[in-house]
Amino acid sequence: MAAGNDGAKTVASGPPVVVIGAGFAGLAAAVRLADAGRRVVLIEATRQGGGRSRSFDHESGMQLDNGQHLMMGCYHETLAFLRAIGRDGAVSFQRNLQLDMVKLGGSRIKLRCPALPAPLHLAAGLLTMRGLGPLHKASALRVGMFLRGEVVRPDDNETCDAWLRRLGQTDGIRGAFWDPLIWAVLNDDPLVASAAMLVAVLERAFMGTRDASRLGVPRVPLSRLYVDDAVAYLRAHGADLRFGQSVRAIACDDRGVSSVQLRGGEIIDTREVVTAVPPAALLDVLPPAVLRHPVLQDVAKLTTSPIINLWLFLDRPLFDDVPFLGLVGSPLHWLFDRTKIEGIEDGGKVLLNCTISGARGFVDDSPQTLVELFRSEAARYFPKSPIRVLSSKVVKEKRATISHAAGTYHRRPEVRSPVAGLFFAGDWVRTGIPATIESACQSGHMAAAAILGNG
Ligand SMILES: Cc1cc2nc3c(=O)[nH]c(=O)nc-3n(C[C@H](O)[C@H](O)[C@H](O)COP(=O)(O)OP(=O)(O)OC[C@H]3O[C@@H](n4cnc5c(N)ncnc54)[C@H](O)[C@@H]3O)c2cc1C
């Protein structure tokens, strides 16, 4: 096979590795495999790819995302993937962790972490947090001090709520710090979400380096962030890209995986397949004998949790000092000023994103009801900044992520499946962290490493 341009490595040969799905997980796996000289066939059901992190053309002429995505400095696998395709510079990271939370009436709680080694930076940030009394700050510090100790470590059966109560966390620190963090990273209610999953995030974000806890926002729509350049990279490395083609079935024989059949009827013979699709899509394509395996029986029990995003075109800014902020005690969790983040100039008008995580209670509401909810929350939280909503677009992702309810982690499968040659990737496989972009990229890299014999 001829090599591509852009200084691509030459000649991928030998039997193909079939990667199914072109979201973060599939593209991260495909790029790793192609980079190692493997012949890759990438099959993606949609024409554009991107999966649950994708952009679409809006009637305004802008590209909007299916949802605002936030990253952290501890997204090492994601950053490695973006670096490989030359896009790591397209995410704006804070210099040090900072967060503004708005209370009813408009006053702010401000977390500003100084340039100290971790976790001292967080301790100092919490101690100097403006807008919160000393009792609340002290209770949060206690968690930080004891996090490494076995006594406070939750197992997967303990909910975040029970864990935070066990550690004496006050309502004040929960509203300003813990609960927004849990909704954001676990996409679920603290009353049901697993505390072990929360601790996995705390360890990666706050116990490593100071940079790990910084928040990062893509400066461009998601498809431009990673899909376009990953596709260009793969093309240049001679990959066979099948967008707009769907896998109907994966076949196995007594040696393991044997072929992949497309909906169009084509059969691709292969002994190595990476599935990088959500659980329901995986269960759809596996043979009945494999579905009977206990590992797949557990996968079938995974449930999902929705996210709703409101895209709002406003006549003027609601806030203009920070790119994003959270609301304390509101069903609307985060507001992102995309005009500021993308550096768009539109005569003072503002494109605002509003995210509702774990949005089970809202998925049946009409777009008008949700925009009305935004209007009334905006008036309650920003009484000094009256705005008009000029137009809006509501995106409901009913199966945004798997649910991280306490006691469900064991249902997530390992990357090495029970079938020889078949590898599971996707944000929902057993990566040790919640279903996020980072989990997706980590799983893709793990699947590639398993195939390349170094994982
Ligand atoms: C609204 C929203 C907001 C989010 N916010 C954040 C955030 O702030 N930070 C964060 O880290 N994460 C966030 N996430 C989670 C993040 O989007 C996911 O973790 C990530 O996109 C999952 O990637 P994936 O590759 O595992 O799966 P997917 O993105 O679901 O990709 C699977 C791909 O497989 C394809 N496919 C399915 N079946 C077949 C088939 N039979 N044949 C061929 N192709 C098939 C699909 O079309 C799809 O493109 C958010 C998710 C949503 C929905």
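Residues numbered from 1 in each chain as written. Predicted model: local features only at pLDDT ≥ 70, side-chain atom pairs only at ≥ 80, totals over all residues. Heavy atoms only, no water.

Engineer: Can you help me understand the domain arrangement of the protein in this one?
Structural biologist: Reports often express the size of an interface as the amount of accessible area lost when the parts come together. When its domains are assigned, the protein resolves into domain 1 (13-71 + 220-302 + 412-452), domain 2 (95-213) and domain 3 (305-400). Taken over C-alpha atoms, the centre of domain 1 sits 33 Å from the centre of domain 2. Counting residues at the interface gives eight residues for domain 1, matched by six residues for domain 2. In total, domain 1 and domain 2 occlude about 460 Å² of area from one another, counting both sides; carbon and sulfur atoms represent 61% of this. Contact with domain 2 buries surface across domain 1, with Gly432, Ile433 and Pro434 losing the most and accounting together for 71% of the total. If you look at where domain 1 meets domain 2, you find zero salt bridges. Inspection of the domain 1/domain 2 interface yields one residue pair in polar contact (both at pLDDT 80 or more). Partitioned by chemical class, the residues of the side of domain 1 that touches domain 2 number two nonpolar, four polar and two charged. (Domains from an automatic or database assignment. Contact = heavy atoms within 4.5 Å. Buried area = accessible area lost by both parts, 1.4 Å probe. Salt bridge = Lys/Arg side-chain N within 4 Å of Asp/Glu carboxyl O. Polar contact = N/O pair within 3.5 Å; in protein donor to acceptor, adjacent residues only side chain to side chain. Nonpolar A, V, L, I, M, F, W, Y, C, P; charged D, E, K, R; others polar.)

Engineer: Is there a simple way to explain the sheet that holds strand E13 (residues 267-269) in this structure?
Structural biologist: Through backbone hydrogen bonds, the strands of a sheet pair up, either in parallel or in antiparallel fashion. One open sheet accounts for three strands, arranged E11-E12-E13; its pairing is antiparallel. Since the sheet does not close on itself, it has two edges, and those belong to strand E11 (247-253) and E13, each with one partner. Ignoring which end each strand starts from, the neighbouring axes of this sheet average 25 degrees apart. Strand direction decides the pairing type here: strand E12 (residues 256-262) and E13, joined by three bridges, are antiparallel. Directly across from Gln261, in E13, lies its bridge partner Ile267. (Pairing = 2+ DSSP bridges. Helix = DSSP H or I, 4+ residues; strand = E, 2+ residues; numbered from the N terminus. Axes fitted to C-alpha atoms, helices over the stretch in contact; angles between N-to-C directions.)

Engineer: Just checking my understanding: could you explain the sheet that holds strand E9 (residues 215-218) for this structure?
Structural biologist: One open sheet holds the three strands; their spatial order is E5-E9-E6, and the pairing between them is antiparallel. Of all the strands in the sheet, the pair left with one neighbour each is strand E5 (71-72) and strand E6 (91-93). As judged from the three bridges shared by E6 and E9, these two strands associate in the antiparallel manner. In the sheet register, Ser92 faces E9, and the bridge partner there is Val217.

Engineer: Help me out: how do you make sense of the pattern of salt bridges in this one?
Structural biologist: Between side chains of opposite charge, a pair can form when the charged atoms approach closely. Scanning the model with the defined rule gives 26 salt bridges in all. In this structure, the salt-bridge partner of Arg165 is Asp161, at a minimum N-O distance of 3.0 Å. Taken together, the residues span about one helical turn, with Arg165 and Asp161 both in helix H5 (residues 160-166) at a distance of four residues. Given a relative accessible area of 56%, Arg165 falls into the exposed group. Three or more residues are tied together by salt bridges with common partners; here these are Asp100, Arg108, Lys110, Arg112 and Asp321. (Buried < 20%, exposed > 50% of the residue type's maximum accessible area, 1.4 Å probe, protein only.)

Engineer: Would you explain the packing of aromatic side chains in this entry?
Structural biologist: Aromatic ring pairs are reported here in terms of the distance separating the ring centres and the angle at which the planes meet. Counting across every chain of the model gives eight aromatic pairs. Seen from their ring centres, Phe24 and Phe81 are 6.1 Å apart, and the 75 degrees between their planes marks the pair as edge-to-face. Residue Phe24 is found in helix H1 (residues 24-35), and its partner Phe81 is found in helix H2 (residues 76-84); the two are separated by 57 residues along the sequence. Phe81 shares its class with Phe24; the two are buried. (Phe/Tyr/Trp six-rings, centres within 6.5 Å; stacked < 30°, edge-to-face > 60°.)

Engineer: Sorry if this is basic, but what is going on with the nonpolar core here?
Structural biologist: Nonpolar side chains tend toward joint burial in soluble globular proteins. Of all hydrophobic cores here, the largest spans 116 residues; its most connected members are Phe81, Trp178, Leu198, Tyr226 and Ile250. Per-element tally for this core: the top contributor is H1, with nine residues. Residues within four places of Trp178 in sequence aside, it is in contact with Val143, Leu164, Gln169, Ile173, Leu198 and Leu202. By size, the runner-up hydrophobic cluster in this structure holds 27 residues, among which are Leu327, Tyr381, Phe382 and Ile387. (Core = buried A, V, L, I, M, F, W, Y, C linked by side-chain atoms within 4.5 Å.)

Engineer: Would you explain helix H3 (residues 120-127) in this entry?
Structural biologist: Because an α-helix packs 3.6 residues into every turn, residues spaced three or four apart end up facing the same way. Considered for burial, the residues of H3 that qualify are His121, Leu122, Gly125 and Leu126. For H3, the angular spread of buried residues about the axis comes to 130 degrees, placing them on one side. Summarising the geometry of H3, the exposed residues directed more than 90 degrees from the buried face are Leu120 and Leu127. (Arc of directions from axis to C-beta.)

Engineer: Whenever I open this one, the site of the ligand confuses me. Can you help?
Structural biologist: Neighbouring residues of the ligand: 37 residues in total, closest Glu44, Ser53, Leu70, Tyr75 and Asp427. Contact distances for the ligand include 2.8 Å between an oxygen atom and a side-chain N or O atom of Arg52. The contact in question runs from an oxygen atom of the ligand to an N or O atom on the backbone of Ile437, over 2.9 Å. Starting from 1000 Å² of accessible surface for the ligand in isolation, the protein chains cover 91%. Mapped by element, the contributors of at least two residues to the shell around the ligand are H1, strand E2 (38-44), strand E15 (304-314), strand E19 (389-402) and helix H14 (437-452). A per-class count over the shell around the ligand returns 18 nonpolar, 15 polar and four charged. Both domains that meet at the shell around the ligand, namely domain 1 (13-71 + 220-302 + 412-452) and domain 3 (305-400), each give it at least three residues. (Near = heavy atom within 4 Å. Areas by Shrake-Rupley, 256 points an atom, 1.4 Å probe, with all protein chains shown as cover.)

Engineer: Looking at this structure, I do not really get the environment of Thr339. What am I missing?
Structural biologist: Summarising the element assignment, Thr339 is placed in helix H12 (residues 338-342). For the pair Thr339 and Lys349, spaced 10 residues apart in sequence, the C-alpha separation works out to 8.2 Å. Those residues in contact with Thr339, other than ones at most four positions away along the chain, are Ile344, Lys349, Val350 and Leu351.

Engineer: Where do I start with the pairing of strand E8 (residues 108-112) in this structure?
Structural biologist: On a regular strand, one side chain projects to one face of the sheet and the next to the other, so that they alternate. Sheet topology note: the strand E7 (residues 98-102)/E8 ladder contains five bridges and is antiparallel. From the neighbouring strand, Asp100 faces E8, where its bridge partner is Lys110.

Engineer: Is there a simple way to think about helix H13 (residues 367-381) in this case?
Structural biologist: With 15 residues, H13 extends 21 Å between its outermost C-alpha atoms, agreeing within 8% with the 21 Å of an ideal straight helix rising 1.5 Å per residue. Among all positions of H13, only Leu370, Val371, Phe374, Glu377, Ala378 and Tyr381 are buried. Projected down its long axis, H13 carries its buried residues within an arc of 125 degrees, all on one side. (Expected span 1.5 Å × (residues − 1).)

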